[in-house]
Amino acid sequence: MAATIFQNVIKGDPHGLTNLWNEAFEARALWGNRIFCLTFLVCYPSTSILYYLNGNPNYRSIFLIQLACSGLVAGIIFLHFRGKLNSQHASFYSRILLIIFHSFILARFQTLYYYDLSINLTLQLIFSIWVLHWKFSYALISSVATILFFSLALYIKGADVLVHFLKEGGFFYFLGQSVFPLVLQMRYNKQYREFIYFNSLQRQNKELEKQNQLAREAMQAKSDFLSTMSHEIRTPLNGIVGVIHLMLQEDLRTDFQRELVGTLKFSSDHLMAVVNDVLDFNKINSNHVKLATEPFDLYILLKNLEKTFIPRAQEKGLNLIFDIDPALPAQLTGDQVRLNQVFTNLIHNAVKFTEKGFVKLAVKEQKRDETRISLHFEISDSGVGIPSEDQSSIFEIFVQSSSEAKRGNRGTGIGLAITRELLRLFGSEIKLESEEGLGSCFSFDIEFDYSNQQLVVEKPARVTVAIPDARILVVDDNAVNLLFATNLLKKIGLQYDKAQNGCEAVERFNNQHYDLVLMDLKMPVMNGFEATQLIRAQGATTPIIALTASAFTDERDKALSNGFSGYLAKPYVPGDLYDILFTFLKTEDDNSLPKPQAQVLAQDH
């Protein structure tokens, strides 16, 4: 059975593993077969001494015949070492010569002690089994020839001679010769199976390594593509979002103008949500998302979450319920940003697809021990529900339920797919219970470690400036983005200079004092990383904020570890820029900071 399996392994590759096996078997058999030939070359003529000691008068003739046989064996060995014969052929031909010559000796000369002859032949057989590595066909031919030729040689001298030989141990010698091919075949099969298994496994490993390499290259290409597309899409999108916000801050004369700008803002927010969702999903699938393990206050997280959705729920007349177990620990350890993203996606969908009734978030303790607690989360609503035929596919990317589509509630179809993948990172699985027209309930369980660390909000060192004397250097190769950023600075009375690449930025920095630098990362001539390194090499401690269209965490980490003080991802709204500016800038009296009336509207994810 095993041999059949391994034969099937190489069935479709007759010139692959089979040829390799023949070469490997010859290599394994080489020295054993050589030792066989060399031993009989030397020892076979020496056995004539036994004929002499036993008083056989024909010992000289026997010696000459054996010497002739050894001469022919020497010729075979010579051809082998010259590469004309492989070791298997050399040992096989030597064995056949020995059978023929010894059969002649048995037929031509009288043997006085058949018991001693049986012992000698049996020792030769044991030695052959020990050193020879033959295929079954060679061993079978050798054994059949030995039994036939020796029996015929003894029978020529008389039937009684053959019977006497068999009684004196010849029978067991012939029996050993019958087993000889089977023993060699068993050894051959064992070595063959080991070789095929090892090489098949080796080939599979090489193929798997090749596939893994292709997968890694594809993953890297996908990551590079997403990084490039992230920059190429988000950079112009930042310009669109920025110009819309600038227009909203102007005095629009007619309702029609305000309606057009409002429509543009809605469309840009939706486009930004789609781009963010697609990039988020691909980041998760590309293993770019690693959960943080930081202490956080679950009550504060849920309270802020409730405040976020109260306006939308009140707008639709919904009862927003947050049912939180009061016995929960004050602090847990985990990734509150990604946990908040899960809550946001599910509550957003619940509010979106519920026209009347309630949306409820319930958090309950399941179990706890000395170090960990397991929490059960449920987000339920009294909305349209999800048909049973759609529930198995609702968590797939770009899939929406038929009931949602019929009601015109169009979305990206990515939110639930992201939610499922994020929960898998938490080691959890999301469950759905729903009936069409009766609402839905999404639930999941997550285990958290307790945290005894005191929550500390790290505040970066800020530069004391006197607004409007503060001067900002804005570095970006995109004219629209420069227009957006500088107009936002102008509205709060900050002075600024512009640079379109890193080289120009370094030159301006060396010739002018700046209180803060807004630095794009990807620019021609010199990128933001190189420019920042040159600035930091001068010992400057001026805050430098990275402006980038990349949404990848590793890009942010790379920026913060290469001299940047902060990080702002495009597209951003005025409030985002002002927040990071006032994080790093302060006046002697913080209350004197201007409070811009920027219209910052929540994005509809």
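In this report, the structure presented in the accompanying data block is examined.

1. So, the packing of aromatic side chains
A complete count under the given rule lists 26 aromatic pairs for this structure. With centroids separated by 5.3 Å and ring planes inclined at 45°, the aromatic side chains of Trp 21 and Phe 195 adopt a geometry described as tilted. Of the two residues, Trp 21 is situated in helix 2 (residues 17-46) and Phe 195 in helix 8 (residues 159-248); the sequence distance between them amounts to 174 residues. A relative accessible area of 9% means that Phe 195 is categorised as buried. With a centroid separation of 6.1 Å and 75° between ring planes, the pair formed by Trp 134 and Phe 180 is classed as edge-to-face. With a gap of 46 residues between them, Trp 134 in the loop between helix 6 (114-131) and helix 7 (136-156) and Phe 180 in helix 8 connect regions that are remote in the sequence. Taken as a pair, Trp 134 and Phe 180 share a single burial class, namely buried. The rings of Trp 21, Phe 25, Tyr 188, Tyr 192 and Phe 195 are connected pair by pair, giving a single aromatic cluster. One residue, Arg 34, lies across the ring of Trp 31, its end atom 4.8 Å from the ring centre. Sitting over the ring of Phe 529, Lys 558 keeps its end group 4.6 Å from the ring centre.

2. Quick word on the nonpolar core
Core analysis: the biggest nonpolar cluster contains 42 residues, and Phe 36, Trp 134 and Phe 165 have the highest contact counts within it. Among the elements of the structure, helix 2, helix 4 (59-81), helix 5 (87-108), helix 6, helix 7 and helix 8 are those that each provide at least two residues to this core. Top contributing element to this core by residue count: helix 5, with eight residues. Discounting chain neighbours no more than four positions away, the residues touching Phe 36 are Ser 91, Arg 95, Leu 98, Phe 127, Ser 128, Val 131 and Leu 132. In terms of nonpolar packing, the next biggest core, distinct from the first, is built from 41 residues, Leu 332, Phe 377, Ile 430 and Leu 432 among them.

3. Re unusual backbone geometry
Here the bond from Lys 570 into Pro 571 is cis, since omega is -5°, no more than 30 degrees from zero. Here Pro 571 shows up in the loop between strand 13 (566-569) and helix 18 (574-584). The backbone of Val 525 shows a phi angle near 70°, a positive value even though the residue is not glycine. Within the secondary structure, Val 525 is located in the loop between strand 11 (516-520) and helix 16 (528-537). Look at Val 525 and you get exposed, because its relative accessible area is 69%.

4. Some remarks on the sheet that holds strand 11
Taken in spatial order, the five strands make up an open sheet running 10-9-11-12-13, and their pairing is parallel. Each of the sheet's edge strands pairs with one partner strand only, and the pair in question is strand 10 (495-499) and strand 13. Neighbour-to-neighbour, the strand axes of this sheet turn through a mean angle of 20°, independent of strand direction. Pairing between strand 9 (residues 471-475) and strand 10: five bridges, direction parallel. Among the inter-strand pairings, Val 475 is bridged to a residue of strand 10, identified as Ala 499.

5. Description of a nonpolar patch on the surface
A cluster of nonpolar side chains, namely Ile 100, Phe 136, Leu 140, Val 144, Leu 148, Phe 149, Phe 171, Phe 172, Leu 175, Val 179 and Leu 182, defines an oily patch on the protein surface of about 1000 Å² accessible area. For the nonpolar patch, the elements supplying multiple residues, two or more each, are helix 7 and helix 8. When you line up the elements, Leu 175 lands in helix 8. By relative accessible area, which is 44% here, Leu 175 ends up partly exposed.

What counts, and at which threshold
Residues numbered from 1 in each chain as written. Predicted model: local features only at pLDDT ≥ 70, side-chain atom pairs only at ≥ 80, totals over all residues. Heavy atoms only, no water. Phe/Tyr/Trp six-rings, centres within 6.5 Å; stacked < 30°, edge-to-face > 60°. Helix = DSSP H or I, 4+ residues; strand = E, 2+ residues; numbered from the N terminus. Buried < 20%, exposed > 50% of the residue type's maximum accessible area, 1.4 Å probe, protein only. Lys NZ or Arg CZ within 6 Å of the ring centre and 35° of its normal. Core = buried A, V, L, I, M, F, W, Y, C linked by side-chain atoms within 4.5 Å. Contact = heavy atoms within 4.5 Å. Pairing = 2+ DSSP bridges. Axes fitted to C-alpha atoms, helices over the stretch in contact; angles between N-to-C directions. Patch = residues over 30% accessible without salt bridge, like charges linked within 9 Å, V, L, I, M, F, W, Y side chains within 5 Å. Areas by Shrake-Rupley, 256 points an atom, 1.4 Å probe, with all protein chains shown as cover. Salt bridge = Lys/Arg side-chain N within 4 Å of Asp/Glu carboxyl O.

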